[in-house]
Amino acid sequence: MKCLILYWSAGGNTEKIAEEINSVMLEQSISVDLIKITEDLNIDLFDYDLVFLGAPSYQWIPPVPVQKFIKNTMERYRGGIRPIGAPKKSGKFGVVFCTFCGVHTGLKEGNVAGKYMAQFFEHIGIFVLDEWYTPGKFHGWDEGNRFGKMGDISNRPDEKDLTIIRNNTMELLLGLNFYQETDKRI
Ligand SMILES: Cc1cc2nc3c(=O)[nH]c(=O)nc-3n(C[C@H](O)[C@H](O)[C@H](O)COP(=O)(O)O)c2cc1C
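Summarised in this report is the structure supplied together with it.

Reading guide: rules and limits
Residues numbered from 1 in each chain as written. Predicted model: local features only at pLDDT ≥ 70, side-chain atom pairs only at ≥ 80, totals over all residues. Heavy atoms only, no water. Helix = DSSP H or I, 4+ residues; strand = E, 2+ residues; numbered from the N terminus. Buried < 20%, exposed > 50% of the residue type's maximum accessible area, 1.4 Å probe, protein only. Contact = heavy atoms within 4.5 Å. Salt bridge = Lys/Arg side-chain N within 4 Å of Asp/Glu carboxyl O.

A separate point is the environment of M117. Position of M117 among the secondary structure elements: in helix 3 (residues 108–124). Residue classification places M117 among the buried residues on the basis of a relative accessible area of 0%. Separated by 52 residues in the primary sequence, M117 and P65 have C-alpha atoms spaced 13 Å apart. Residues contacting M117, with those up to four places away along its chain left out, are L53, G54, A55, P62, V66, I70, V96, F97 and C98.

Structure, rendered in structure tokens:
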């Protein structure tokens, strides 16, 4: 199996999550590429069996470089997108992860960005296995980090958050065997 971890991060929160997923893959001897998104990144996602896509939430959606990457990649695969069902490509799986501060309305501030990325996967035929949301401090905004809707997030993502990501990744790998076997039978 080949795994790709694509992410964008300005302040390092999302990068920490990406690196944690990467370390689990390496420990499990899974072939993995960890790549930070740039606007001109040109990569064939279908070279991989499992693709992670991660970004922070900016004004509830992924930041512009991630939006541009998604737009460009959609263009690349446009010919394969059909009116009903997209359709799903056999053996291609994805997970999205998002960091968000949720200072004003909580988890909902991350959900939209995560769903945006998940829709991208679905449109090009990658089956979305999960969406992971992790609180991440808003760099340089002390008041927001201490008194926002999510409580004190000054040190998030912290070790507990990374343990959750680690456990999620392990669980996902265990479940993936099931998905891959089921996929072969359809
Ligand atoms: C320009 C900007 C806009 C943001 N907008 C939101 C938002 O709408 N909702 C939210 O929950 N967090 C928002 N945040 C907080 C980030 O999503 C959060 O701090 C994230 O973990 C930063 O990730 P990074 O360190 O990987 O760049 C925003 C941060 C910045 C800098």
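And the narrative resumes.
Evaluation of the coordinates by the stated rule reveals 7 salt bridges. The partner of R166 in a salt bridge is E20, and the shortest N-O contact between them spans 2.7 Å. With R166 in helix 5 (residues 159–185) and E20 in helix 1 (residues 13–27), the pair connects residues that are 146 residues apart, well separated along the chain. The class for R166 is partly exposed, based on a relative accessible area of 23%. In this structure, the salt-bridge partner of E131 is K115, at a minimum N-O distance of 3.1 Å. Taken together, the positions of E131 in strand 5 (residues 127–135) and K115 in helix 3 put the pair 16 residues apart, joining distant regions of the chain. Among the charged side chains, a salt-bridge network with shared partners connects E20, E27 and R166.

Shape is all these values report; function is a separate question.
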